[in-house]
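Each chain is listed here by its residues.
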Amino acid sequence: SENRARMRALDSTDPLTGLAVLPVLQLRLGDALRRARRSRSHCGLALVELANHGELAAQEGSDTGDRALVVAASQLSALARDVDTVCRVADNRFAVLLEGPYRPEQLHVLAPHIVARGLAQTAALPLHLSLRYRVVTIALPDWTQDQPPAEELDVQRLLARLNLAMDHLDAKRVILHLPIPDAQQSQPLAA
């Protein structure tokens, strides 16, 4: 039974970083949106990109590139609360789901903390290396009681919107806070 438990854990965790995988994030994000709707509160989502991952792997080797991803996962997990979810969503991108109650202003504080944590020296990487993060955040809206469940934000479209914003983020810009989507619009996540 211990072996089966390990096999089940592999299905829900990234083998390199030990973080949750994308399907787990999607499930938890959907649950968080439903809870936020019921309690009329906010939750938040941050997409974090390790911007210099390719550069680190090219200059220092793939082992250092992998170690940088593990350090990034550790740093993001340290900044998250127990109720939050940190997930690796792509080769060099992570998502941090901040479950409610969560005030949108807290995202404006978290994003610089993430960037600063990456710039700090760590024993796991050579001294001359630091991690350069880029962060896109979005606070998810207050829900009103008269809003039908069919108009809840679509998890897939929400993640696509964050990825699109990251892809089009100016190279000199490190942090972008997306506006809160209006749940009453017919296409709240069109980019």
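Structural data are supplied above this passage.
Residues numbered from 1 in each chain as written. Predicted model: local features only at pLDDT ≥ 70, side-chain atom pairs only at ≥ 80, totals over all residues. Heavy atoms only, no water.

Visitor: I'm lost on the overall build of the protein in this one. Help?
Guide: Each helix and strand counted, the protein has 6 helices and 5 strands in total. Burial statistics for the protein: of 191 residues in total, 45% are counted as buried. A separation of at least 24 residues holds for 74% of the contacts in the protein among residues at least 6 apart in sequence. When the accessible surface of the protein is summed, it comes to about 10,000 Å², and 52% of that surface belongs to carbon and sulfur atoms. (Helix = DSSP H or I, 4+ residues; strand = E, 2+ residues; numbered from the N terminus. Buried < 20%, exposed > 50% of the residue type's maximum accessible area, 1.4 Å probe, protein only. Contact = heavy atoms within 4.5 Å. Areas by Shrake-Rupley, 256 points an atom, 1.4 Å probe, with all protein chains shown as cover.)

Visitor: What am I meant to see in the pattern of salt bridges here?
Guide: Side-chain pairing between opposite charges can occur once the charged atoms of the two side chains come close. The final tally for this structure, using the stated rule, is 8 salt bridges. Salt-bridge contacts for R35 lead to E99; the nearest nitrogen and oxygen are separated by 2.3 Å. Here E99 lies in the loop between β3 (93–98) and α5 (104–119) and R35 lies in helix α2 (residues 22–39), a separation of 64 residues in the sequence. Using a relative accessible area of 37% as the deciding quantity, one classes R35 as partly exposed. Judged by its relative accessible area of 10%, E99 falls in the buried class. Through salt bridges that share partners, E49, R93, R134 and D167 make up one connected network. (Salt bridge = Lys/Arg side-chain N within 4 Å of Asp/Glu carboxyl O.)

Visitor: What is the right way to read the packing of helix α4 (residues 62–79) against α5 from this model?
Guide: For any two helices packed against each other, the geometry is given by the interaxial angle and the distance between the axes. Where α4 contacts α5, the two axes come as close as 10 Å, and the packing angle between them is 145 degrees. The crossing of α4 and α5 is right-handed. Facing Q75, L76, A78 and L79 of α4, the residues of α5 in contact are L110, H113, I114, R117 and G118. Considered class by class, the residues forming the contact of α4 with α5 number 5 nonpolar, 3 polar and 1 charged. (Axes fitted to C-alpha atoms, helices over the stretch in contact; angles between N-to-C directions. Left-handed = near helix turned anticlockwise from the far one by under 90°. Nonpolar A, V, L, I, M, F, W, Y, C, P; charged D, E, K, R; others polar.)

Visitor: Looking at this model, I keep getting lost on the nonpolar core. Mind explaining?
Guide: Grouped burial of nonpolar side chains is what soluble globular proteins tend to show. If you look at the biggest cluster of nonpolar residues, it comprises 28 residues, and the most contacted ones within it are V48, L50, F94, I114, L131, Y133 and V135. For this core, the elements supplying multiple residues, two or more each, are β1 (43–50), α4, β3, α5 and β4 (133–140). Broken down by element, this core gets its largest block of residues, 6 residues, from α4. In contact with L50, not counting residues within four places along its chain, are A68, L69, A72, N92, L131, R132 and Y133. One finds C43, L140, L158 and M166 within the second-largest nonpolar core, a separate group that totals 26 residues. (Core = buried A, V, L, I, M, F, W, Y, C linked by side-chain atoms within 4.5 Å.)

Visitor: I'm lost on α2 in this one. Help?
Guide: For the α-helix, the turn length of 3.6 residues means that residues three or four positions removed from each other point alike. The end-to-end C-alpha distance of α2, which contains 18 residues, comes to 25 Å, matching closely the 26 Å that a straight helix rising 1.5 Å per residue would cover. Listing the buried residues of α2 in full gives V24, L25, L29, G30, A32, L33, A36 and R37. Just downstream of α2, R40 is the residue with a positive phi angle, here 55 degrees. (Expected span 1.5 Å × (residues − 1).)

Visitor: Sorry, what's going on with the pairing of β3 here?
Guide: In summary, the side chains of a regular strand alternate between the two faces of the sheet. In terms of burial, β3 is a largely internal element, 6 of the 6 residues being buried. Relative to β3, β1 is paired through 6 bridges, and the arrangement is antiparallel. Pairing of V48 across the sheet is with F94, part of β3. Bridge count between strand β2 (residues 85–90) and β3: 5 bridges; the pairing is antiparallel. Residue T85 lies in a different strand from β3, and its bridge partner there is L97. (Pairing = 2+ DSSP bridges.)

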